[in-house]
Each structure stands twice: as structure tokens, then as C-alpha cells.
Amino acid sequence: MGLLRLLVLALLASQPEVVGGAETVGNSSEGLLEFSMGTFRYFELNRPFPEEAILRHISSNVTFLIFQIHSQYQNTTISFSKTPLPNTSGTGTDKGLVFILRPEQSMCTWYLETLDAEPVQNVAIPLSYSGRDPIPGGCNLEFDLDIDPNIYLEYNFFETTIKFAPANLGYARGTDPPPCDVGTGRDSRWRLQYDVYQYFLPENDLTEEGLLQHLQRMAEVPQVMANAIKVVTLTANDKTSVSFSSLRGQGVIYNVIVWDPFLNTSAAYVPAHTYACSFEETEGNCSSLGRVSSKVFFTLFALLGLFICFFGHRFWKTELFFIGFIFMGFFFYVLITRLTPIKYDGNLKIFRDDGVFWVTFSCIAVLIPVVFMGCLRILNILTCGFIGSYSVVLAIDSYLYTSLSYITLNVLKRALNTDFRGAFTNVPFQTNDFIILAVWGMLAVSGITLQIRRERGQPIFPPHPYKLWKRERERRVTNILDPSYHIPPLRERLYGRLTQIKEFFQKEQPAGERTPLLL
């Protein structure tokens with residue numbers, strides 16, 4: 001019985017590992033990393049010690065492989081040869097190579113290295129595809145690699161743009177690839193479609209372990225379709241470039257799945273990630289988002305907003321200052337940014353037209369006051385409650401990431417950058433956002449309720465400041481018993497003050513009798 005148990009254990013140990021699993025390993029011995037098909041592997045690269053990656057026992061029905069490697073922010077190089085060349089290697093944080101297999105070939109090798117002074121933690125995986133699957137980047141004419149399955153990502157304060165090379169139809173081992181631009185019929189690569197996917201990391205998660213773990217959900221076609229959000233579908237006639245709103249400090253992973261509708265087969269490009277910020281900058285990096293001056297400003301702004309939220313209608317002049325400051329600040333910020341070199345670091349297609357967007361935006365902004373025109377006091381109190389409490393959301397965003405800040409930030413980006421009209425503005429809505437939304441709603445409801453109850457029986461609006469001044473002036477003129485009646489005019493009071501200041505700087509007279517003697 002014991003012998004039978006040993007035989008069963010030996011048989012289980014000899015079985016291949018489960019496809020799609022991940023094995024965690026440290027440094028490899030003798031510079032050799034051995035991979036299994038469809039299995040993620042963790043390893044560390046050091047600058048003086050390049051590694052050789054090897055994959056054995058490749059099935060005969062596999063036509064091409066995509067080997068991809070990922071790191072958080074330190075660059076790594078993957079190459080077909082020991083000496084990297086521009087058309088046979090790639091360097092970056094998310095890179096991959098397509099290996100077209102020869103007949104009877106059952107083993108592949110790649111070379112991995114890093115030029116970074118610090119050790120780089122990586123995760124890599126080889127993926128296999130058949131001759132019926134489309135080849136990502138098979139019709140590349142823009143980038144260095146002959147077949148480029150990579151997604152090239154660029155970002156700035158406003159938008160994040162991804163670009164990729166068009167795919168080609170699959171073909172069997174030992175045969176010539178289909179031509180890319182000979183025809184546009186059903187038998188050409190022009191029948192292929194591209195689904196662009198977006199995946200959000202947990203908010204405020206900047207850890208390396210978290211990124212490498214979530215990247216495993218974006219490497220293979222079934223996992224991408226199950227976990228990510230499909231943003232747009234492109235045809236072969238569309239430009240292979242898509243723009244998104246930059247989410248500074250929020251980890252986002254992008255991938256593209258190319259689909260052959262005729263054969264109903266698909267393949268995934270190499271996923272790319274970004275935080276829309278730098279980990280290596282000394283000031284304003286991903287770990288310390290926002291300047292100190294911005295945090296101080298939004299904190300004071302939130303305190304004033306809370307006052308307006310609960311007491312804005314009663315202190316009407318303070319409310320006018322607060323609302324006017326917002327509108328004028330927005331206007332002059334847009335004006336200065338558009339007309340000077342000073343810079344500061346709805347996905348519906350119809351709204352990509354500036355005229356349609358701003359007309360719609362203005363109509364919505366005007367419609368709300370029109371609806372409440374019959375009850376101006378309620379309108380003013382609602383404005384105080386919502387805008388005053390939202391200032392707290394902006395203050396929280398300067399310390400802790402929240403997607404609710406993009407309610408206004410996306411409008412500001414649209415006003416500042418004309419290219420932003422074509423960007424997709426998806427944002428994550430996770431646990432932090434639900435909590436902050438609840439706080440915002442609680443503050444708004446509390447402020448509105450308190451002001452409505454306090455203003456019962458009071459005039460609709462406080463008296464106009466000019467009317468108050470005019471009434472006070474008339475009262476002082478007609479009421480001689482009022483002590484303020486005997487106050488000198490402002491001109492005489494200013495002259496008296498100046499005289500006192502002048503006497504303060506005069507030299508002191510000598511002591512003694514100062515009056516003339518009587519004759």
C-alpha cells in the first residue's frame with residue numbers, strides 16, 4: 001500500500017504545471033531561466049548579470065509565441081540575441097517579442113537584461129498561438145521591430161495615449177506571411193478588428209507586488225475579457241491610436257485584443273501600464289502627489305466651503321465672494337494658460353465637437369437656475385450646500401486620490417487642451433469614492449437642511465448692501481440724537497489721522513514756560 005502511494009505521488013509530480021498559474025522564484029542559477037508555456041514566473045534582474053530565458057517542449061500545433069516581461073518603473077531589455085539590436089530587441093517596463101516558429105522547432109531562447117543600477121523585480125510569461133490566430137503587430141510599419149506586439153504609451157497632464165502596430169492574419173509554420181497592403185478584401189488583414197480594454201488598479205495602490213499581480217489578469221485573451229472594461233472597437237480603417245484622460249497617481253493597465261471575425265479567433269497584445277506620474281522624480285512623484293502650496297490652498301478653500309455650506313445664505317456677501325472667486329479663478333486660469341506659455345503640470349462621439357460640448361454644458365448650467373426661478377431662496381441654499389461641500393472633496397483629493405475630483409477637472413482639461421476632446425474619460429469608482437461620496441452627500445444635505453430651517457420666516461435674501469448703507473445714511477441725517485450723527489465726515493477724520501502721524505515725527509519742544517508774559 002505504501003509503494004502504491006509513492007507511485008501516485010511520483011506520477012503527480014511528473015505532470016506539467018497548470019497553464020495560467022504563477023510561480024515565484026528568486027535569482028536563477030548560472031544565468032538560465034527556464035519557463036513553462038502559459039505560466040508566469042517572477043525573477044530579479046541585475047545589471048552585471050544578463051539572463052537567458054529558455055522554453056522547451058513546444059507543441060507542433062503552435063505557430064508563434066509571444067514572450068512578454070513586465071516591471072513597475074525600471075526598464076528591462078528583451079532580445080533575440082545576446083547583443084541587443086534595434087530591430088531584434090525592446091526596452092521598457094512592458095515589452096514583448098513575437099517568435100515565429102520554424103517547422104519541427106520545439107525550443108526557443110530569449111535574452112533578458114537591465115541597465116538600471118538597482119535590482120529589478122520582473123514577471124514574465126510565454127504565450128502560444130496557432131496558425132489560425134491573428135499575429136499582433138504583424139504589419140508593423142512604424143516601430144523598430146519587424147513584428148511588434150507592444151503597446152506604446154505616452155502621457156502628460158491632460159491625456160494618456162496608446163499606440164500599436166496593425167496585426168496580420170495567421171499562417172502555418174514554414175509558409176510565407178500574408179501580404180499586408182496588397183488588397184483590402186475579405187482575405188486580407190483589413191477584416192481584423194481591435195478591441196481596446198482598460199483595467200484600473202485599486203486606488204492608492206502603488207506597490208510593485210500589486211501591479212505584477214494584476215498584470216497577470218491582462219495578458220491572455222480570456223482574462224482580459226473577463227476582468228477589464230472594453231472602451232472602444234477599432235476597424236482596420238481606423239487609426240491605431242486611442243487617447244484617455246490621464247489619472248495622476250492611479251494605476252491603469254491597457255491592452256488590445258485583435259479579433260478575426262471570419263475565423264472567430266483572437267490574440268492579445270502585450271499589456272502596458274501607467275500611473276501618469278514618475279516614481280523617480282524628487283518632487284511631485286507618484287508617492288507624494290500634489291504640491292504643498294496646493295494642499296494649503298485647497299485646505300483653506302475647504303474651510304471656507306464648509307462655512308458657505310452651512311451659513312452661506314445668511315452671510316450673503318461672503319457667499320458672493322466665494323462663488324465669484326470660483327468663476328473668476330476658472331476664467332482667468334483658462335485665459336492665462338491658453339494665451340501664455342505658463343503651464344501646470346462623456347465618451348459620446350458627438351461631444352468631441354467643441355461647439356456641441358460647450359453649448360450643452362452652458363444649457364445645463366442655465367437650465368437649473370431656470371427651473372428654480374420661482375424659489376430663489378431654495379436655489380441659493382442648494383448652491384451653497386452642493387458647491388460648499390464639494391470643496392471638501394477637492395481638499396481630500398490633494399491628500400488622497402479620488403475620482404470625484406474629475407467632475408470639475410475634466411471640464412478644466414477640456415477648456416485648456418483642444419486635443420482632450422478625443423480622449424476617453426473613464427475613471428474608477430471604488431471603495432474610497434463611495435466613502436467620499438457619502439461624506440459629500442451628508443455635508444450637502446446637512447447644510448441645506450440647516451439653512452432652510454434657519455431661514456424660515458426671514459426675508460428671501462438679506463438686504464442689499466447699498467440699500468443698507470443708504471438707509472443708515474438717511475437715519476444719521478434725520479436723527480440728531482444718534483451718537484453717530486456727531487461723527488465728523490470721512491475727509492475730516494482722515495485729515496485728523498494724518499495730523500496725528502505728522503505730530504508723532506516732530507521734535508519735542510524744550511521744557512519751560514511757553515506763554516508770553518503779560519505786560
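Please read these numbers as outputs of a predicted model, since none were measured by experiment.

Counting its regular elements, the chain contains eleven helices and 18 strands. For the chain, with 519 residues in total, the buried portion stands at 40%. Entry remark: accessible area of the chain is about 30,000 Å², with carbon and sulfur atoms responsible for 62%.

With that settled, consider the confidence of the model for the chain. Scored by pLDDT, the chain comes out at a mean of 79, with 74% of its residues at no less than 70. Here residues 1-20 is a poorly scored stretch, pLDDT under 50, and it has nine contacts once near neighbours within four places are set aside; other chains count.

Moving on, we get to the state of the cysteines. Counted by the stated rule, this structure contains two disulfides. Not part of a disulfide, Cys309 finds its nearest cysteine sulfur in Cys384, a span of 8.3 Å. A residue is classified by how much of its surface remains accessible, and Cys384, at 0% relative accessible area, is buried.

Spatially, five strands are ordered β2-β4-β9-β6-β7 in an open sheet, and the strand pairing comes out mixed. Every interior strand has two partners, whereas the edge strands, β2 (32-35) and β7 (89-92), have only one. For this sheet, the mean inter-axis angle between neighbouring strands, taken without regard to orientation, is 20 degrees. In this structure, strand β6 (residues 76-79) lies alongside β7, joined through four bridges in antiparallel fashion. When the bridges of β7 are listed, Thr76 appears paired with Gly92.

Residues Val292, Val296, Leu300 and Leu303 make up a contiguous nonpolar surface patch of roughly 410 Å² in combined accessible area. Looking at where Leu300 falls in the secondary structure, it is placed in helix α4 (residues 292-311). Among the residues examined, Leu300 registers a relative accessible area of 55% and is labelled exposed.

Moving on, we get to the side chain of Asp94. Structurally, the position occupied by Asp94 is in strand β8 (residues 94-100). Nearest to the buried, unbridged Asp94 among oppositely charged side chains is Lys95, at 8.5 Å. Engagement of the side chain of Asp94 in a polar contact is seen with the side chain of His70, the distance being 2.7 Å. Among the polar contacts listed, one links the side chain of Asp94 to the side chain of His273, at a separation of 2.7 Å.

In this structure, Asn264 takes a positive phi of about 55 degrees despite not being glycine. Relative to the assigned elements, Asn264 resides in the loop between β16 (252-260) and β17 (265-268). Under the relative-accessibility criterion, Asn264 is labelled exposed at 58%. Here Ala276, not a glycine, exhibits a phi torsion of approximately 55 degrees, which is positive. Within the element layout of this structure, Ala276 appears in the loop between β18 (272-274) and α4.

Glancing now at the pattern of salt bridges. For the structure shown, the criterion picks out three salt bridges. In this structure, the salt-bridge partner of Glu34 is Arg56, at a minimum N-O distance of 2.9 Å. Linking Glu34 in strand β2 with Arg56 in the loop between β4 (51-55) and β5 (64-70), this pair joins segments that are 22 residues apart in sequence. On the basis of relative accessible area, Arg56 is assigned to the partly exposed category, the value being 34%. With a closest N to O distance of 2.9 Å, Asp181 and Arg189 form a salt bridge.

Side chains three or four residues apart in an α-helix point the same way, a direct result of the helix having 3.6 residues per turn. End to end, helix α9 (residues 431-454) covers 35 Å across 24 residues, agreeing with the expected 34 Å (1.5 Å per residue, within 8%). Along α9, the residues that are buried comprise Asp433, Ile436, Trp440, Leu443, Ala444, Gly447, Ile448 and Gln451.

Here the focus is the packing of α4 against α9. Where α4 contacts α9, the axes come no closer than 7 Å and their chain directions differ by 45 degrees. In terms of orientation, α4 lies oblique with respect to α9. Only Leu443, Ala444, Ser446, Gly447, Ile448, Leu450, Gln451 and Arg454 of α9 make contact with α4, whose side of the interface consists of Leu306, Ile308, Cys309, Phe310 and Phe311.

Looking now at the sheet that holds strand β11 (residues 151-155). Within a sheet, adjacent strands bond to each other through the backbone by hydrogen bonds, running parallel or antiparallel. One open sheet holds the three strands; their spatial order is β11-β12-β15, and the pairing between them is antiparallel. The open sheet has two free edges, formed respectively by β11 and β15 (241-245), since each of these has just one partner strand. Strand-to-strand, the axes of this sheet are offset by a mean angle of 20 degrees, without reference to chain direction. Inspection of the sheet shows strand β12 (residues 159-164) paired to β15 by five bridges, in the antiparallel sense. Its bridge partner lying in β15, Lys163 is registered against Ser241.

Take the packing of aromatic side chains next. Per the counting criterion, the structure on display carries 15 aromatic pairs. Ring geometry for Phe80 against Phe99: centres 5.6 Å apart, planes inclined by 75 degrees, an arrangement best described as edge-to-face. Residue Phe80 is located in the loop between β6 and β7, and its partner Phe99 is located in strand β8; the two are separated by 19 residues in the primary sequence. For Phe80, a relative accessible area of 30% translates into the label partly exposed.

Within the largest apolar cluster, 54 residues are counted, with the highest numbers of intra-cluster contacts made by Tyr194, Val196, Val242, Phe244 and Tyr269. The biggest single contributor to this core is β16, with six residues. Setting aside chain neighbours within four positions, we find Tyr194 in contact with Phe164, Pro166, Ala167, Val232, Thr233, Leu234, Thr235, Ala236, Val256, Ile257, Val258 and Tyr269. Residues Ala53, Leu65, Leu101 and Leu145 belong to the second largest nonpolar core, which totals 20 residues.

Here we take up the side chain of His70. When you line up the elements, His70 lands in strand β5. With sequence-adjacent residues up to four places away left out, His70 is seen in contact with Thr93, Asp94, Gln121, Asn122, Val123, Leu212, Leu215, Val270 and Pro271.

The complete set of buried residues in helix α2 (residues 208-215) reads Gly210, Leu211, Leu212, His214 and Leu215. The opening residue of α2 is Thr207, an N-cap whose side-chain oxygen sits 3.2 Å from the backbone nitrogen of Gly210.

About the cut-offs
- Here the residue index of a chain counts from 1 through its sequence in written order.
- In view of the model being predicted, local features appear only for residues whose pLDDT reaches at least 70, and side-chain atom pairs are presented and counted only at 80 or more, with totals across whole chains, interfaces and linings using the full set of residues.
- Processing note: side-chain calculations cover all non-hydrogen atoms of the structure and skip hydrogens and water entirely.
- Only DSSP runs of H or I covering at least 4 residues are called helices, and only runs of E covering at least 2 are called strands; the numbering of each starts at the N terminus.
- Throughout this description, buried means an accessible area under 20% of the type-specific maximum (1.4 Å probe, protein chains only), exposed means over 50%, and partly exposed covers the range between.
- Using the Shrake-Rupley algorithm and a 1.4 Å probe, accessible areas are obtained, with residue cover drawn only from the displayed protein chains.
- A score from 0 to 100, pLDDT tells how confident the predictor is in each residue.
- Contacts: residue pairs with any heavy atoms within 4.5 Å of one another.
- The disulfide definition used here is simple: a pair of cysteine sulfur atoms within 2.5 Å.
- The pairing criterion is simple: DSSP has to find at least two bridges between the two strands.
- Only C-alpha atoms enter the line fits that serve as axes; for helices the fit covers just the stretch in contact. Angles between N-to-C directions range over 0 to 180 degrees.
- Patches here are clusters of residues that have more than 30% relative accessible area and form no salt bridge, with a 9 Å joining cutoff for like charges and a 5 Å cutoff for nonpolar side chains (Val, Leu, Ile, Met, Phe, Trp, Tyr).
- Within this document, salt bridges are pairs made up of a side-chain nitrogen of Lys or Arg and a carboxyl oxygen of Asp or Glu, the two lying within 4 Å of each other.
- In this tally Asp and Glu are treated as negative and Lys and Arg as positive; neither His nor the chain ends contributes.
- Polar contacts, as used here, are pairs of N or O atoms within 3.5 Å; protein pairs need one atom able to donate a hydrogen and one able to accept it. Residues neighboring in sequence count only if both atoms are side-chain atoms.
- By this rule, a helix spans an expected 1.5 Å times one less than how many residues it contains.
- By the definition adopted for this analysis, an angle is roughly parallel if under 35 degrees, roughly antiparallel if over 145, roughly perpendicular if from 65 to 115, and oblique otherwise.
- Pairing of aromatic rings covers Phe, Tyr and Trp, the last counted by its six-membered ring, and requires centre-to-centre distances within 6.5 Å; plane angles under 30 degrees mean stacked, over 60 mean edge-to-face, and any other angle means tilted.
- Nonpolar cores were defined as sets of buried Ala, Val, Leu, Ile, Met, Phe, Trp, Tyr and Cys residues, with membership established by side-chain atoms within 4.5 Å.

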